[in-house]
Amino acid sequence: MSRSVIITCAPTGGIHTPTMSPHLPITPAEIATASIEAAEAGAAIIHLHARDPETGKPDPRPETFQQFLPVIKQSTDAVINVSTGGGLGMTMDERLLAATTASPEMASLNMGSMNFAIFPLLSKYKEWKHDWEPQFLEMTRDFIFPNTFATIEYALKTLGQGHGTKFEFECYDLSHLYNVKWFIDQGLIKPPFFIQMVFGILGGVGADLENLMHMHKVADRLFGPENYEWSVLAAGRNQMPFATQSALLGGNLRVGLEDSLFIGKGELATSNAQQVRRIREIVESLGLTVATPAEARERLGLKG
Ligand code: KMH
Ligand code: ZN
């Protein structure tokens, strides 16, 4: 039987803003529908952020998450992954609250502090739907995304040990793999674990193929190939090429409007499911299969 590829879909995120695409899910109903469609199209894991339904701004309130998490759970078998990255500028307590309230099977965990710049996107748009959008982008010119050893340890203890939640370890650079290793050595991360390699964020490692190959090689050496599953996401136009490369190299992948608003050059994706269907076709054309949620649960050791 051929190896199966775990597809994660991240439907909305906390980076793109409503002006950038009319297809970005904002309200709880839109996020639920986008997630259900993505799961039906083949995503085994849904990585979730919430947004204020009025403004579209990233929203950390557990009550907003609670308007769509149960709907997704009732309608699909997909693994629910609650982001602890939240939105740029939220405190760590705000970022953790939705996950500690929902106690999901998975949550994201960002593995190092870094610049996280989206201000270059400012020049692409002339008019904005909301005043907060250009202010939010501009803020990232002088911003550090804080993910200290203390806060990572706190998340591993509260969510990991306290709730049995497993993590999507977001690694935006080589150093973040070594940070994962440090927590393995402290006994706070146990196999099997899930490494999400992130390429093409300004402030993180660039989307160059040799970076992907090198991070994979170093991860194998640090962790041992039998102990972890790896996955790749790349921002913007590198999304599909990098997802394809990961599948070819034996990894898993992530798509979704959180990471890219496009389906082709200059062409906005009309839905998250469209991106999932596209990558599924590519994966299957390579002679690989797409993992079911049950397979993902087993391989990642989730609590179910
Ligand atoms: N927006 C992605 C580049 C998180 O939610 O924890 C990273 C991300 C962060 O997904
Ligand atoms: Zn995210």
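Values in this document were obtained by computation on a predicted structure and should not be read as measured data.

Asks: Please explain helix α11 (residues 293-300) as it appears in this structure.
Replies: Residues lying three or four places apart along an α-helix face the same way, a consequence of the helix completing one turn every 3.6 residues. Along α11, the residues classified as buried are P293, A296, R297 and L300. Relative to the axis of α11, the buried residues are bounded by an arc of 100° and lie together on one face. Of the surrounding elements, those touching the buried residues of α11 are β3 (45-48), β4 (79-82), β5 (106-110), β8 (166-171), β9 (193-199) and β10 (228-234). Looking one or two residues beyond α11, the residue adopting positive phi is G301, at roughly 65°.

Asks: Any chance you could explain the side chain of E105 here in plain terms?
Replies: As for its position among the elements, E105 is in the loop between α4 (92-102) and β5. In terms of polar contacts, E105 uses its side chain to reach the backbone amide nitrogen of G304, at 3.2 Å.

Asks: Got a minute to help me understand the nonpolar core in this structure?
Replies: Most often, soluble globular proteins keep nonpolar side chains buried together rather than apart. Core analysis: the biggest nonpolar cluster contains 89 residues, and F116, F169 and I195 have the highest contact counts within it. If we skip the residues at most four places from it in the chain, I195 touches F169, C171, L177, V180, F223, Y228, E229, W230 and S231. One finds I45, M106, F194 and L300 within the second-largest nonpolar core, a separate group that totals 10 residues.

Asks: Please clarify how the site of ligand 1 should be interpreted in this entry.
Replies: In the vicinity of ligand 1, the residues found are H47, H49, S83, G85, S108, N110, E170, Y172, V198, I201, R254 and E258. With respect to ligand 1, the side chain of S108 contributes an N or O atom lying 2.6 Å from an oxygen atom. Within the complex, 95% of the 300 Å² of free accessible area of ligand 1 lies under protein. Here the shell around ligand 1 is built from residues that sort into three nonpolar, six polar and three charged.

Asks: Please clarify how the coordination of the zinc ion (ligand 2) should be interpreted in this entry.
Replies: For a metal with four donors in a tetrahedral arrangement, the ideal angle between donors is 109.5 degrees, while six donors in an octahedron ideally sit at 90 or 180 degrees. Within the protein, H47 (NE2), H49 (NE2), E258 (OE) and E258 (OE) serve as the donor atoms for the zinc ion (ligand 2), at 2.0 to 2.8 Å. Around the zinc ion (ligand 2), the six donor atoms sit at angles spanning 51 to 169°, and that spread fits a shape best called irregular. Between consecutive donors of the zinc ion (ligand 2), the numbers of intervening residues give the motif H-x1-H-x208-E. Highlighted residues: H49 in the loop between β3 and α2 (62-65) and E258 in the loop between β11 (252-255) and β12 (262-264), separated in sequence by 209 residues.

Reading guide: rules and limits
Residues numbered from 1 in each chain as written. Chains lettered and ligands numbered in written order. Predicted model: local features only at pLDDT ≥ 70, side-chain atom pairs only at ≥ 80, totals over all residues. Heavy atoms only, no water. Buried < 20%, exposed > 50% of the residue type's maximum accessible area, 1.4 Å probe, protein only. Helix = DSSP H or I, 4+ residues; strand = E, 2+ residues; numbered from the N terminus. Arc of directions from axis to C-beta. Contact = heavy atoms within 4.5 Å. Polar contact = N/O pair within 3.5 Å; in protein donor to acceptor, adjacent residues only side chain to side chain. Core = buried A, V, L, I, M, F, W, Y, C linked by side-chain atoms within 4.5 Å. Near = heavy atom within 4 Å. Areas by Shrake-Rupley, 256 points an atom, 1.4 Å probe, with all protein chains shown as cover. Nonpolar A, V, L, I, M, F, W, Y, C, P; charged D, E, K, R; others polar. Donors = N, O, S within 2.8 Å, 3.2 Å for Na, K, Ca; no water. Tetrahedral: all angles 85-135°; square planar, octahedral: opposite > 155°, others 65-115°.

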